[in-house]
Amino acid sequence: MKITIIGGGNIGGAIAGGLAASTLMKASDLTVADPSAAALERIKGLNSAIRTSQDNAAAVEGADLIILAVKPWLAEEVSATFRDKLNFDRQCLASVVAGVSFEKLKTMLDNGKDVRPALLRLIPNTAISLRESVTFIAS
């Protein structure tokens, strides 16, 4: 499974670190996208095999799961940068964005093709970087 995390801040970085350190996937199958070169350098410091990008649209291509991990007030603007590249027939999107409902996510991700993505809500904590987190998952 190939996973792309959009947002390399505290929670996106913690998820990336936990996944890269796990036996669930190869770190090279993980991509983290963020506009900040400093954030991406920090991610690379977790595991040099993690792929990084400052281009959200390019980062989601080929991913099976996209995890949206940005601040709530950026969610709509950021999702607009990659929604047209999503293939909703084979890709799922999971959100860790607080306060953004599934209905709002569906609206933000509407690419005009009348197909909606499979959506998941993840509520982890930063202990996920140590693989010691309880994560709530809802669909």
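Going by the structure above, here's the rest.
Residues numbered from 1 in each chain as written. Predicted model: local features only at pLDDT ≥ 70, side-chain atom pairs only at ≥ 80, totals over all residues. Heavy atoms only, no water.

## Points about the environment of Ser-48
Relative to the assigned elements, Ser-48 resides in the loop between α2 (37–46) and β3 (51–53). We classify Ser-48 as exposed; its relative accessible area is 61%. Between the C-alpha atoms of Ser-48 and Ser-28, which are 20 residues apart in sequence, the distance is 8.6 Å. (Helix = DSSP H or I, 4+ residues; strand = E, 2+ residues; numbered from the N terminus. Buried < 20%, exposed > 50% of the residue type's maximum accessible area, 1.4 Å probe, protein only.)

## Quick notes on helix α1 (residues 10–21)
Taking 1.5 Å per residue, 12 residues should reach 16 Å; α1 reaches 16 Å between its end C-alpha atoms and fits that length. Within α1, burial applies to Gly-12, Gly-13, Ala-14, Ile-15, Ala-16, Gly-17, Gly-18, Leu-19 and Ala-20. Close packing links the buried residues of α1 with β1 (3–6), β2 (30–33), α2 and β4 (65–68). (Expected span 1.5 Å × (residues − 1). Contact = heavy atoms within 4.5 Å.)

## Remarks on the packing of aromatic side chains
Taken as a whole and assessed by the stated rule, the structure comprises zero aromatic pairs. The ring of Phe-102 has Arg-121 lying over it, and the distance from NZ or CZ to the ring centre is 5.2 Å. (Phe/Tyr/Trp six-rings, centres within 6.5 Å; stacked < 30°, edge-to-face > 60°. Lys NZ or Arg CZ within 6 Å of the ring centre and 35° of its normal.)

## Some details on the pairing of β4
The side-chain alternation of β4 yields two buried faces, one formed by Leu-65 and Ile-67 and the other by Ile-66 and Leu-68. Relative to β4, β1 runs parallel, the two sharing four bridges. Residue pairing for β4: Ile-6 is matched across the bridge by Leu-68. Note that β4 and strand β5 (residues 92–95) share four bridges and pair parallel. Following the sheet pairing, Ile-67 is matched in β5 by Ala-94. (Pairing = 2+ DSSP bridges.)

## Notes on the environment of Leu-86
Relative to the elements of secondary structure, Leu-86 occurs in the loop between α4 (75–79) and β5. In this structure, the C-alpha to C-alpha distance between Leu-86 and Asn-111, residues 25 residues apart in sequence, is 8.5 Å.

## Topic: the nonpolar core
Grouped together as the largest cluster of nonpolar side chains are 20 residues, with contacts concentrated most on Ile-6, Ile-66, Leu-68 and Phe-82. If you list the elements that add at least two residues to this core, you get α3 (56–60), β4, α4 and α5 (102–108). When near neighbours in sequence (up to four residues on either side) are disregarded, Ile-66 contacts Thr-4, Ile-6, Val-60, Phe-82, Leu-86, Gln-91, Cys-92, Leu-93 and Ala-94. Within the second largest apolar cluster, 19 residues are counted, among which are Ile-43, Ile-50, Leu-65 and Ile-67. (Core = buried A, V, L, I, M, F, W, Y, C linked by side-chain atoms within 4.5 Å.)

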